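Report on the structure
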Amino acid sequence: MSAKDGAAYTDAVEFETRAIHDGQEPDPATGAVITPIYQTATFVQDDVGVNKGYDYSRSGNPTRTALETCLASLESAEYGLAYSSGLGATTTIMHLVNPGDRVVSVNDVYGGVYRMFTQVYEPKGYRFTYLSAEEIAAGLEPHLDESTRIVWLETPTNPLLNVIDIRKAADSAHAAGALVVVDNTFATPYFQRPLELGADVVLHSTTKYLSGHSDVIGGSVATNDPTVAERLKFLQKALGAVPGPFDCWLVLRGLKTLALRMERHSENARAVADFLAGHPAVDHVLYPGLRDHPGHEIAARQMRDFGGMISFLTASEEEAIALVTRTKVWTLAESLGGVESLIEVPARMTHASTSEASFATPGNLVRLSVGIEAAADLVADLEQALAPVAAASKRA
Ligand SMILES: *Cc1c(COP(=O)(O)O)cnc(C)c1O
């Protein structure tokens, strides 16, 4: 799981090069240039307890090792671990704390994480405090007590695209003795590296940008803390939320083009955000790349670029629901981060689990995962989908 095992030339090269080569030397057994899918449950032992480093694929598998090494490298981490899903990684991290402990979390956290916190861990006696991005910006200190073990951040958040100053939050959390976890799914390590900004643990749903083709479910964790890494590695085996070899291989293949894809996702998102910001039927556009976004300055400082996720508000919930069925290039679906553009209404889809919360996602919010198609096609499709709304508001 260590990126530094057998320290190779890959330590000294750039992100794009490491994404293609780190952990992925040609196969020593056959010379295969691409890491093979080691589709095996068990490994021969030359003598009792004597093996080539692997004994059973829940504990470790060579395809998974390649992925873990590469993921660690891309997050500037010493240790990387792969899990069965983003939520599998979240469950495993939650086993670092105990009933009675407190987790302080940003409130517009991914809907599935919120569902896990409120419906699985709260009933078991774990305690949670949910804070808005503004409350976190005003200072975490008054919200942290001696029982606070984890500060759980997501930036930019899903689906409101709020931005949190990772360095500032980490300083406050560390003063109170809490571990800082950052869900870096939206930004990816190409645009933002939370460990370099003071976070202790960085988490991904590799289902999204890291694999990038909407064809696999996976999760990952990276850290520089050897104690945390050792415990998460133990928990990976002990709890069993491991990805299969083929799933690891799909994420590895996705990582090779991560940098290129992210450049294009971001470039297309800028074009789409500019178009929406100037459209009369759109009430408000939430994109950290826009100058009027409240998190623009922090994002410009801690991110290399603003990413491919945009949300916007329409006049009403009915408009939002009607609009998403009129697009032809944009596909109406949950998930994000794939090469294809997706459109959805979070309040009814990905974030239905927060509908009862005081910070429920507005019903008239539309979320876009901007793909890497031609920007002109993406804009033209939104234009035709918004046309009936524009006409209606002109009549009104
Ligand atoms: C999708 C997602 C998750 C959950 O990951 P799965 O792979 O679906 O389990 C967690 N956080 C964010 C920000 C996500 O978008």
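Every chain's residues receive numbers from 1 upward, in the order its sequence appears when written. Under the rules for a predicted model, residues below a pLDDT of 70 receive no local features and side-chain atom pairs below 80 are neither given nor counted, while totals for whole chains, interfaces and linings still include all residues. For side-chain calculations, the full set of non-hydrogen atoms in the structure is used, while hydrogens and water are omitted.

1. Concerning the domain arrangement of the protein chain
Domain ranges listed in this record stem from an automatic or a database domain assignment. Once the domains are mapped, the protein chain shows domain 1 (15-255) and domain 2 (260-395). A separation of 27 Å is found between the C-alpha centroids of domain 1 and domain 2. With 36 residues of domain 1 at the interface, the matching set in domain 2 holds 39 residues. Buried area, as used here, totals the accessible surface that two parts lose on assembly, with accessibility defined by a 1.4 Å probe and the loss added over both. Summed over both sides, the interface of domain 1 with domain 2 buries roughly 3,000 Å², with 62% coming from carbon and sulfur. Definition used for salt bridges: Asp or Glu carboxyl oxygen within 4 Å of a side-chain nitrogen of Lys or Arg. Between domain 1 and domain 2 we count one salt bridge in total. Secondary structure follows DSSP: runs of H or I at least 4 residues long count as helices, runs of E at least 2 residues long count as strands, and numbering of each begins at the N terminus. Among the elements of the structure, α4 (111-121), α7 (188-191) and α9 (245-255) are those that each provide at least two residues to the side of domain 1 that touches domain 2. Residues are grouped as follows: Ala, Val, Leu, Ile, Met, Phe, Trp, Tyr, Cys and Pro are nonpolar; Asp, Glu, Lys and Arg are charged; every other residue, Gly included, is polar. In terms of residue class, the side of domain 1 that touches domain 2 is built from 19 nonpolar, 13 polar and four charged. A contact between two residues is defined here by any heavy atoms of the two lying within 4.5 Å.

2. Considering the state of the cysteines
Two cysteine sulfurs form a disulfide in these notes if their separation is within 2.5 Å. Per the counting criterion, the structure on display carries zero disulfides. A disulfide-free cysteine, Cys 70 has its sulfur positioned 12 Å from the sulfur of Cys 248, the nearest such atom. The classification of residues rests on relative accessible area computed with a 1.4 Å probe and restricted to protein chains. Under 20% of the type maximum is buried, over 50% is exposed, and intermediate values are partly exposed. The class for Cys 70 is buried, based on a relative accessible area of 0%. Looking at Cys 248, the relative accessible area reads 1%, which means it is buried.

3. Observations concerning the layout of surface pockets
A 1.4 Å probe that fits into a set of points on a 1 Å grid over the protein atoms alone but cannot get out defines a cavity; an open set with protein on both sides within 12 Å along at least five of seven lines defines a pocket, and lining residues are those with an atom within 4 Å of a point. Grid points are joined across faces, edges and corners, and a volume is the space filled by probe spheres set on the points. Counted as a void, the second largest pocket has a volume near 400 Å³. Lining the second largest pocket are 28 residues, with Leu 87, Tyr 110, Gly 112, Ser 205 and Lys 208 sitting closest to its centre. For the lining of the second largest pocket, the elements supplying multiple residues, two or more each, are α3 (86-94), α4 and β6 (201-205). Sorting elements by how many residues they give to the lining of the second largest pocket places α4 first, with four residues. Considered class by class, the residues forming the lining of the second largest pocket number ten nonpolar, twelve polar and six charged. Residues lining the lining of the second largest pocket come from more than one domain, with at least three contributed by each of domain 1 (15-255) and domain 2 (260-395).

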